[in-house]
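Listed below are the residues making up each chain.
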Amino acid sequence: MTETHPRHALAEPVGTGPEGWPSATELAARIAAGEVGSREVLEGYLARIAALDPALNAFCHVASEEARKAADEADAAVAGGRTPPPFLGVPIAIKDLHPVRGWPLCGASNAVEHHVMDEDAPAVRALREAGFVFVGATTSPEFGTVSVTESAVHGVTRNPWNPDYSPGGSSGGAAAAVAAGMLPLAHGSDGAGSIREPASYCGLVGLKPSRGRVPTSAHYLEGFTTEGVLTWTVEDTAAILDVFAAAPPTGWYGAPPPDVPFRRQAQRDPERLRIGLNLQPAFPAEVDPVAEVVLRRAADLLSDLGHEVVEQSIPGLDQDWFKSRFDLLYATGSADCVVVDESAVEPLNRTLRQAARDTDSLTYVTTVLELQLRSAEMYKAWDAVDVLLTPTNPVLPPSEGALWQGQDADPWLPLRRAEETASLTVLSNMLGLPAISIPLVEPQAGLPLGVQLIGGRWCDGTVLALAGQLERAYPWRRRTPAGLPL
């Protein structure tokens, strides 16, 4: 890995001290107890954003005054003795692809009008009702299509561990903000790995919940897509999943409620589990030796904790078959975007939109049915194991601009490269399974690379319990990007 270029040098320290940054649950408890004010907490994070974001470009919108007003209201509620919601006064950012009341929605595109939204998306509303203070919107690639966070409208978002490299995508702005300590957590979304990939590349925790677990107004990409958060701790991730799970259902279908709160499950060690070791990309991909090292090291750590670790393949997985059907479905991803100038759409998305127009409805429906029928065979892997273990990504993050090289000759090339990055995450989106990326293993090449745990149907609690056990046994929280102020 190359050294950080001087032009990307980060700002001088503004900060919180050598013990590391507080988690969202810790902040919530301190604010509720009156030990610290929400406004005081907010000002600290706004200072970090002002100092660090010019180098990293994690935010496309910062609502400082609105956030200050919300923080003051939170402090007044605590002073008045009112029972606080679970995250009263804790700052959070929302990914630009999702509506926030009173904010412009850009979709990271110059081809759409940036209308101010009248209401929150359902998951965003759940976060607001949980008491969070909304600080701003984080960057994504146009329409969230690829695995880097680079767009014509917002520019390049950089990885705090080495700003010459990408934080991943499409929730790369969220990951960069949290990894740099600009916020304790951030909202993201995941249609093929877009929470887990940036979590992996930025040394964070990122969960893609089970299908239907998070409230949504529509099941985009046939339910491949869902929302979640990027955090430093498994406990924070589990506590936010409790917030989402308690929200009123809004879509056609929803996941069954947990018998035990997810946060409590994450705090308990699971019983001895059967862990399936898997290195079977869904798309054609060359697995980097670093990813193999990370996988084997994780397997050893799980064995040391008493779990049974075995090799486990995914039946029915054929790369060429899956890629052809995924491409057809994925091309419709921007179908809900009202484009006012098709020529202003970036080349890859323009190609995908044309491919969607060229697909007749019978072909589309047949493809969806084929994916569902093949899924029934793939689920059998979890009849043999409790959790599947993979590297989150088979490759390390790309450098700035690398994803787009050659697209003039072949506009599909950026998608092929993004598919390689997502080749170990995408199946859990299709299957609707819970999957979490955790920074279990020390960075092997100057940049983090996460480990992914994929649970069976509706087994979010099992995944969180195992991730929590690993976090307690092999803590990662004090690992922060070199050169950043504490």
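Attention in this report is confined to the structure presented alongside it.

Rules used in this analysis
- Residues numbered from 1 in each chain as written.
- Predicted model: local features only at pLDDT ≥ 70, side-chain atom pairs only at ≥ 80, totals over all residues.
- Heavy atoms only, no water.
- Axes fitted to C-alpha atoms, helices over the stretch in contact; angles between N-to-C directions.
- Helix = DSSP H or I, 4+ residues; strand = E, 2+ residues; numbered from the N terminus.
- Parallel < 35°, antiparallel > 145°, perpendicular 65-115°, else oblique.
- Left-handed = near helix turned anticlockwise from the far one by under 90°.
- Contact = heavy atoms within 4.5 Å.
- Nonpolar A, V, L, I, M, F, W, Y, C, P; charged D, E, K, R; others polar.
- Polar contact = N/O pair within 3.5 Å; in protein donor to acceptor, adjacent residues only side chain to side chain.

1. Considering the packing of helix α4 (residues 122-129) against helix α7 (residues 234-246)
No. 1: As a packed pair, α4 and α7 sit with axes 9 Å apart at the nearest point and diverge in direction by 115 degrees. Taken together, the axes of α4 and α7 lie roughly perpendicular to each other. α4 and α7 meet at a crossing whose hand is right-handed. Touching Ala123, Ala126 and Leu127 of α4 are Ile240, Val243 and Phe244, all from α7.
No. 2: In the contact of α4 with α7, the residues fall into six nonpolar, no polar and no charged.

2. Some points on the side chain of Arg158
No. 1: Mapped onto the secondary structure, Arg158 falls in the loop between β5 (155-156) and α5 (172-179).
No. 2: A distance of 3.3 Å separates a polar atom in the side chain of Arg158 from the backbone oxygen of Pro163.

3. A look at unusual backbone geometry
No. 1: Omega for the peptide link from Gly169 to Ser170 comes to 5 degrees, which places this bond in the cis form.
No. 2: Along the polypeptide, Ser170 turns up in the loop between β5 and α5.
No. 3: In this model, Glu222 sits at a positive phi of 55 degrees, which is unusual for a non-glycine residue.
No. 4: Within the fold, Glu222 resides in the loop between β7 (205-208) and β8 (226-231).
No. 5: One non-glycine residue, Trp458, lies in positive phi territory at about 65 degrees.
No. 6: With respect to the secondary-structure elements, Trp458 resides in the loop between β13 (451-455) and α16 (460-473).

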